[in-house]
Structures are given as C-alpha cells and as structure tokens.
Amino acid sequence: MNVFSGLKRGSIEIVAGVVLILDLVWWGAHIAAACAVGYFLWAYLSYRREAHLNHRHSGPIRERMTLAEVKAIENKYTRRDDYGTPEKRALVRSGLDRYFYYVRYERVQSLLNAFAPDAGRVLDMGCGFGRNTMYASERRRRIAIGLDLDELKLSWARNEAHRRDLDARTAFVCADAARPPLRPRSFDCIVMTEVLEHLIDPAKGLASCHELLEKAGILILTVPSRHNLAYSGNPFILLEKTLSLIDDRVLPPYHDLHARSEYNWRKPEPEYGMHHNFSLQRLRHLVHEAGFRTVSRGSFEVEIFPHLLVEHLSVGDVEMIRRWVSPIEDVVTRLPVIGNLGQHLVWVARKDA
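This is a predicted model, so every value here is computed, not measured.

Basis of the calculations
Residues numbered from 1 in each chain as written. Predicted model: local features only at pLDDT ≥ 70, side-chain atom pairs only at ≥ 80, totals over all residues. Heavy atoms only, no water. Helix = DSSP H or I, 4+ residues; strand = E, 2+ residues; numbered from the N terminus. Rg over C-alpha atoms; globule rule 2.2 N^0.38 Å. Buried < 20%, exposed > 50% of the residue type's maximum accessible area, 1.4 Å probe, protein only. Contact = heavy atoms within 4.5 Å. Lys, Arg positive; Asp, Glu negative; His and termini not counted. Salt bridge = Lys/Arg side-chain N within 4 Å of Asp/Glu carboxyl O. Polar contact = N/O pair within 3.5 Å; in protein donor to acceptor, adjacent residues only side chain to side chain. Pairing = 2+ DSSP bridges. Axes fitted to C-alpha atoms, helices over the stretch in contact; angles between N-to-C directions.

Trainee: Explain the overall build of the chain here, please?
Mentor: A count of helices and strands for the chain gives 12 helices and nine strands. Relative to the 2.2 N^0.38 estimate, which gives 20 Å for 353 residues, the radius of gyration of the chain is 21 Å and therefore close to what a compact globule would have. If you line up the chain on its principal axes, its C-alpha atoms span 75 × 45 × 45 Å. Within the chain, buried positions represent 49% of all 353 residues. By sequence separation, contacts in the chain at least 24 residues apart represent 75% of the contacts at least 6 residues apart.

Trainee: Which parts of the structure should I look at to understand the side chain of Asp124?
Mentor: Its location among the elements puts Asp124 in strand E1 (residues 121–125). The side chain of Asp124 sits in the buried core without any salt bridge; Arg131 is the nearest counter-charge, 9.0 Å away. Polar side-chain contacts of Asp124 include one of 2.7 Å to the side chain of Thr133.

Trainee: Can you help me understand the sheet that holds strand E9 (residues 344–351) in this one?
Mentor: Strands pair in a sheet through their backbones, by hydrogen bonds, and they do so in one of two ways: parallel or antiparallel. In space, the seven strands of this open sheet follow the order E3-E2-E1-E4-E5-E9-E8, with mixed pairing throughout. If you trace the sheet from one side to the other, it starts and ends with strand E3 (170–174) and strand E8 (292–300), each paired once. Going from strand to strand, the sheet's axes swing by 15° on average, the running direction of each strand aside. With six bridges connecting them, strand E4 (residues 187–193) and strand E5 (residues 213–224) associate as parallel partners. By the bridge assignment for E5, Met192 is matched with Leu221. Most of the contacts of helix H6 (residues 131–138) go to strand E2 (residues 143–148), to which it runs at about 170°, and overall it touches E1, E2, E3 and E4. Contacting E2 and E3, helix H7 (residues 151–163) crosses the sheet at an angle of about 170° to E3.

This is how it looks when you write it as structure tokens:
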C-alpha cells in the first residue's frame, strides 16, 4: 500500500470514528453519527464490490494457468535490474515493507531454532535466493538443500554459497515443489516460507513435503493471510476480519492472482502469477489432510495505522522503523484476537507417525 494513501484513509477513519463517538455520547444529534456510519458502510461495500469484480475477472486466467507460465513469469521478474538479487528485491519496497521483508526471514529462522534444533537435514522448499538455506548450513551447521523453480535465483544462490565456502553442506535443485526429484523420508525439517501461495495446487505441495519428511519431521510454513487488516480501521471490516477467524465464509472471494501488484480488473496487466491467500480454516484443513499435526500457529506483520505514521516520519530509515515497529508488533501479536490478523499466517506442524 502507498503510505500516503494509507495515511489519508486511516486519518479519515479516525476522524469519522471520533465524530461517531462524540455524537452518540456527547452531542446527541445523531446526524454526524449517521454520516460517519454512512462513510464506513460506503467504504466497506466498495471494498466488497472490488473483491467480487477482481474474483470474477481473474477466475478464467487462474483456471488456465500452467506451470510453464508460472516459471516464465518468475524468470522475467528475476531478470529485471531491480529484482535480480535479494538486496535489490528489498530495495524496491518501501521502508516499512523492507523492514517486514527482513523480519520474515528472522521469524522463520527463530522457528527453525526453536522447533528443529537437532534437524540434521533441512530442505528449503521454494528457496528463492537461498537465504534460509544458507542460514541452516552456515549458522546451524546442517546439511541444507534449496529447491526452487527459478534457475536464475538458484544461480545467484549457488554463487553466494560458494563465496561463503558452504559447498560441502549446501546444494540447490531446480524443480517444482509439487513434484520434487528427491528421495522420500530424506529430511528432518522442511521450511516452506511464502511458497504455498504460488503453487497451482497447494495440496500437492504439502503432500510432497509429507513424503520427503522423516517420521515426526517438522514443517515450518508461512503464507499470506486472508484475515489481514490491511491498515484498515473501518469497524465493518474489523468486524468481518474478526468473525472470519470463526468462519471464513464471511470474507469476500479472493482473486488468487498476482502480477507486479495485486490484480486490478480495471487496469489489467498482461501477465500474472498464482497467488493464493489462505484463511486459518483452509490452511488448517490442508495441513491436516496432508498428514500433519499442528504444533504451533499464529500470524505476524499486523498492519495497523501507527506503522504508517512511523514509516512517514522515518523517511524510509529501516533501523528507525525497526526501533519503533518491533516493540509494537511484539505486543500486538500477543493480543487474543488482533494477534491472528497479521498479513502472514505462520504454522509449525509435525508429520504424523
């Protein structure tokens, strides 16, 4: 989200909320309250309409998507001058998005330390540039394999692993996560971070993870969440997101496509990649059906208005953003309901015996 449009929308929502409370509690005229409710309802219905239109227009594209097309799109973006390395991938983001980009890796690596400290063989499924792969081999001193569909990213990862003298414990394989050319039951832990949403059939990706893990092996998974707040303070949207933790049928349909930015039916782009968003209910079902037992779950990157203020004041300084946003995020993710409304779901599961 553009920080200025987010600040504008958030500021209007705060003002409308204050007016609503003052009119109900103090003024008593109820005219201003009705206007505030009208604004919130109009914004909520507009958001629902956009979701339905995006879903309707993107459905036929999604149904025709092939693995070759997904690979070609990934390769095209990797060839871009501003996308060709993990550092460049980070720099094209705003300061706040860049902070969360780094924190995502830190979060996954902390889970690896906590839930699979003794894992001797680690698979980084959909490894991209291999950051988690090299963390497992360099910091954890484990045998680590990185698998990805994009050979260009793997080429960079191999060169970086060689530069760090990790060749003896690190290898990279170019393959589809749903059909990996690896021996069954050959890994103690699989890390699959922000990968499942890019698969044409997520269930097949989880099934391959189950097949590759040893008995009682650990799967560490992160995916985009359909419950995320998206910096909204609209009470109708907040209520919808809260209720969706109980029953995801209250949510509007998601379009399951991703180009350079989210799919926009009014200004379609010529190329798209697969990009599922998952609810708690859907991910729980997929994990259970694949033969895993949930060990831990949660969410992170809770998108709330104060983060936008920090980004605006920091002028893109990631360290300043970290100094202010990190303690806020630590508190928010521990709250009973809000803590489940982050942009990403995080799941730790064990292969059932």
